[in-house]
Amino acid sequence: MKLAHTTANNWLPSLIDEMFTNDFMGGTAPLKTWNPAVNISEADDKFELDMIIPGFKKENISIEVDQDVLTISSEVTNDKEEKTEQFTRKEFTLKSFKRSFNLPDTVNKENIAADYNDGILNIVLPKKEEALPQPKRMISLK
């Protein structure tokens, strides 16, 4: 029994994509968005978010919490100018990203901590006291 139908002749859409996204005309290709890779882990007392963002400086990274949404963003522009006798070339580059995450109700939003080291942003999201695992308790019979 065949569960999925695949088409071996799927070259036309990729050819059209290639034609319109190639930079044949010196800058006509659309900008491609970049989202940094994120690892999220959970422990008994916290969530931990690690984001790989090499090439960004600590002072250019913005982390904000609004309601139950954690937003991490950055925007960096670089100017490069090259002068010789025959020509001048000046290039502008823009690197930016913006990622948002819905925070669960169990996160203590007042004690969120962040650290940036060697291109890795680490955010610790501690859990509220009532969300922590409770120790076992014995119930006596009457």
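- If you check an unreviewed UniProt entry, the protein chain appears there as Molecular chaperone Hsp20 from Nonlabens arenilitoris.
- The UniProt entry for the protein chain carries this comment under Sequence similarities (unreviewed entry): "Belongs to the small heat shock protein (HSP20) family."

## A word on the pairing of strand β7 (residues 120-126)
Line of reasoning, step 1. The element β7 is largely enclosed, with a buried count of 5 among its 7 residues.
Line of reasoning, step 2. In the sheet, strand β2 (residues 46-52) pairs with β7 via 7 bridges, with the strands oriented antiparallel. Bridged to Leu-49 within β7 is Ile-123.
Line of reasoning, step 3. Where strand β6 (residues 113-117) lies against β7, 5 bridges are found, and the strand directions are antiparallel. In the sheet register, Asp-115 faces β7, and the bridge partner there is Asn-122.
Line of reasoning, step 4. Between the antiparallel neighbours β6 and β7 lie 2 residues, among them Asp-118 with a positive phi of about 55°.

Criteria and thresholds
- Residues numbered from 1 in each chain as written.
- Predicted model: local features only at pLDDT ≥ 70, side-chain atom pairs only at ≥ 80, totals over all residues.
- Heavy atoms only, no water.
- UniProt positions renumbered as here; feature names shortened; annotations may be inferred.
- Buried < 20%, exposed > 50% of the residue type's maximum accessible area, 1.4 Å probe, protein only.
- Helix = DSSP H or I, 4+ residues; strand = E, 2+ residues; numbered from the N terminus.
- Pairing = 2+ DSSP bridges.

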